[in-house]
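Each chain, letter by letter, is given below.
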Amino acid sequence: MEDTVVPSPVIKVAAICGSIRKASTNRGLIRSAIEICEESVKGMQIELIDVSPLPMINTDLEVEGRFPPAVEEFRQKVLAADSILFASPEYNYSVPPPLKNAIDWASRPPNVWADKAAAIVSSAGGSGGRRAQHHLRQIGVFVDLHFINKPEFSVNVHELPKKFDSEGNLVDPKTKEKLKQVLQALQRFTLRLQGR
């Protein structure tokens, strides 16, 4: 009788960017995370989910328990994910409107964020987005997300050596290595939450 090889579980990660700018460095973090997973974090697949098509939240748009098509598509992608990777700048000490809008739509009953592992990375001026990360963690308590605590990851975009190119791509090897550590921690935590 031959030994059966059981494939390792593949963790599906929904990546959500708080910025909708084309050259967003936070979008660049997600692109880099996708590349890192393909190269060296086996068993984890990241899909960037675009939040720009979502209408501003308005419960009048919910008709007979149904959501607008763009909202329903977004909710289904979040629901199908094992964990969430947020990448977001900081606006006025908090999360930007596109991200908060997406969180609010996906939290409408039934809440599709519930019981998922999550991680936050950010790039911004000043604090690198740490205050927005803190606020996002507070929001996560109510929507029942479970964030990894370590390692923390934030990038000051003005700090030298330069971390991003003009198109928002992450180019600094040390920062890429730190991002890899976040992904590995998210992978371990997701498996632990799922009892695998």
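That block above? That's the structure.
In this report, we go over the structure that sits alongside the text.

Cut-offs applied
Residues numbered from 1 in each chain as written. Predicted model: local features only at pLDDT ≥ 70, side-chain atom pairs only at ≥ 80, totals over all residues. Heavy atoms only, no water. Helix = DSSP H or I, 4+ residues; strand = E, 2+ residues; numbered from the N terminus. Rg over C-alpha atoms; globule rule 2.2 N^0.38 Å. Buried < 20%, exposed > 50% of the residue type's maximum accessible area, 1.4 Å probe, protein only. Pairing = 2+ DSSP bridges. Right-handed = clockwise from strand over helix to strand, strands pointing away.

**Here we look at the overall build of the protein chain**
Stage number 1. Counting its secondary structure elements, the protein chain contains five helices and six strands.
Stage number 2. Helices (α) and strands (β) of the protein chain occur, in sequence order from the N terminus, as β-α-β-α-β-α-β-α-β-β-α.
Stage number 3. Taking 16 Å as the expected radius of gyration for a compact globule of 196 residues, we find that the protein chain reaches 17 Å, a close match to that expectation.
Stage number 4. Based on the C-alpha atoms only, the size of the protein chain along its principal axes is roughly 60 × 50 × 25 Å.
Stage number 5. Here the protein chain holds 196 residues, and 45% of them are scored as buried.

**Quick notes on the pairing of strand E1 (residues 11–17)**
Stage number 1. With six of seven residues buried, E1 is to be regarded as a mostly interior element.
Stage number 2. Looking at chain direction, E1 and strand E2 (residues 44–49) are connected through six bridges and run parallel. The residue of E2 that forms the bridge with Ala 15 is Leu 48.
Stage number 3. Taken together, E1, helix H1 (residues 25–40) and E2 form a β-α-β motif whose crossover is right-handed.
Stage number 4. The pairing of E1 with strand E3 (residues 83–87) spans five bridges and is parallel. Paired with Cys 17 across the strands is Ala 87, a residue of E3.

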